[in-house]
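# Chains, contacts and geometry: an overview
The primary structure of each chain is shown beneath.
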Amino acid sequence: PARAQSEKLSLEVTVEADSETPYVGEMILVTLTGTYDAYIALESFEDFRLRNFTWIQLGRDIWSKRRVRGQDIPSVERKIALYAQKAGPQTIGPFRHHLTLVAPGGERHVVDVLSNSVTLDIQPKPKSAGGWWLPAKDITLNDHWDMDPANLENGATVTRTVTIQATGQTADALPPPPKMRAPWLISFIAPEQRSTELTREGPVGTV
């Protein structure tokens, strides 16, 4: 397969982060945009070079037509959320899009389109109380008791439900249940419920 990067076949990487120096574990939103002035029979993204990152794809690829110099050109967009696992300069990409093109005469040939790469300076996660680190774009917390605990009588039972939702993090990155301890208290923790909703702007984790 030939390496192809021309005006007719291009793959571009754009990176969105809350700062030019994001922290370890903070979401980095990456958009891959391919513009291909050709007839594509088969395609697949390959060779994701994401050393020192974990990542999650944010939904399916979106194919559309993009207006370029008065022509409708096939375009594809893929969004992924990256999370750096190591501090220091870290490089995102290049990415490879493996294409099987069809010529006007019907002949097929295979081309690999390589993207640009982007290097970010990743900051180490800061020291925090208890060692827990939860970098998120937004966090909401709902603390619900099924009765007023101030009126709890001896021998009575009360249920407390705490719900945490974090934008920009998956459910597995959210904290474990707190330990409820007191000399007069007998507590039981029900199985926790975790879920992740994928949006084009990043995952939304709930526990």
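As shown above, the structure is provided for reference.
Numbers given for residues are sequential positions, taken from 1 along each chain in its written order. Only residues with pLDDT of at least 70 are given local features in this predicted model, and only at 80 or more are side-chain atom pairs given and counted; all residues enter the totals for whole chains, interfaces and linings. Excluding hydrogens and water, the side-chain figures rest on all heavy atoms present in the structure.

Omega for the bond connecting Gly93 with Pro94 falls within 30 degrees of zero, at 0 degrees, which places this linkage in the cis form. Per the convention used, a helix needs a DSSP run of H or I reaching at least four residues, while a strand needs a run of E reaching at least two, with both numbered from the N terminus. Its place among the elements puts Pro94 in the loop between β8 (88-92) and β9 (96-102).

Below, the discussion takes up the sheet that holds strand β14 (residues 195-199). As summarised here, the arrangement of the 4 strands in space is β12-β13-β15-β14, forming an open sheet in which the pairing is antiparallel. Edge positions in the sheet fall to β12 (138-145) and β14, since each of these pairs with one other strand and no more. Averaged over all adjacent pairs, the angle separating strand axes in this sheet is 15 degrees, with direction ignored. Pairing between strands is defined by DSSP: at least two bridges between them are needed. Judged from the 5 bridges that link them, β14 and strand β15 (residues 202-206) form a sheet pairing that is antiparallel. Note on method: axes are straight lines fitted to C-alpha atoms, helices fitted across the in-contact stretch only, with angles between N-to-C directions ranging 0 to 180 degrees.

With that out of the way, let us pick up the pattern of salt bridges. Put simply, a salt bridge is a Lys or Arg side-chain nitrogen that is within 4 Å of an Asp or Glu carboxyl oxygen. What the rule picks out here adds up to 7 salt bridges. A salt bridge links Glu77 to Arg200, with the nearest nitrogen and oxygen atoms 2.9 Å apart. You can see Glu77 sitting in strand β7 (residues 71-84) and its partner Arg200 sitting in the loop between β14 and β15, a full 123 residues away along the chain. Of the charged contacts, one joins Asp112 and Arg96 as a salt bridge, the two residues approaching to 3.2 Å between their closest N and O atoms. On the criterion of sequence distance, the pair formed by Asp112 in strand β10 (residues 108-114) and Arg96 in strand β9 is long-range, its members being 16 residues apart. We note that Asp112, like Arg96, is buried. Buried residues are those whose accessible area, probed at 1.4 Å on protein chains only, stays under 20% of the maximum for their type, while exposed residues exceed 50% and partly exposed ones sit between those limits.

Put simply, two rings from Phe, Tyr or Trp (the six-membered ring, in Trp's case) pair if the centres are within 6.5 Å, and we call them stacked under 30 degrees between planes, edge-to-face over 60, tilted for the rest. Per the stated rule, a full pass over the model turns up 1 aromatic pair. Ring geometry for Tyr23 against Trp133: centres 5.5 Å apart, planes inclined by 70 degrees, an arrangement best described as edge-to-face. Placement of Tyr23 in the loop between β2 (9-16) and β3 (27-36) and of Trp133 in the loop between β11 (118-122) and β12 is noted, with a sequence separation of 110 residues between them.

This brings us to the pairing of strand β13 (residues 160-167). The pairing of β12 with β13 spans 8 bridges and is classified as antiparallel. Its bridge partner lying in β13, His144 is registered against Thr161. In the sheet, β13 pairs with β15 via 3 bridges, with the strands oriented antiparallel. Its bridge partner lying in β15, Thr167 is registered against Val204.

A few words on the side chain of Thr100. Position of Thr100 relative to the elements: it lies in strand β9. Classification of Thr100 by relative accessible area gives buried; the value is 12%.

So, on to the environment of Glu77. Residue Glu77 is classed as partly exposed on the basis of its relative accessible area of 27%. Put simply, Glu77 and Glu12 are 65 residues apart on the chain and 9.7 Å apart in space, counted from C-alpha to C-alpha. Residues adjacent in sequence count toward polar contacts only when both atoms are side-chain atoms; beyond that, a polar contact is any pair of N or O atoms within 3.5 Å, and within protein one must be able to donate a hydrogen and the other to accept it. Here Arg200 takes part through its side chain, which lies 2.9 Å from a polar atom of the side chain of Glu77.

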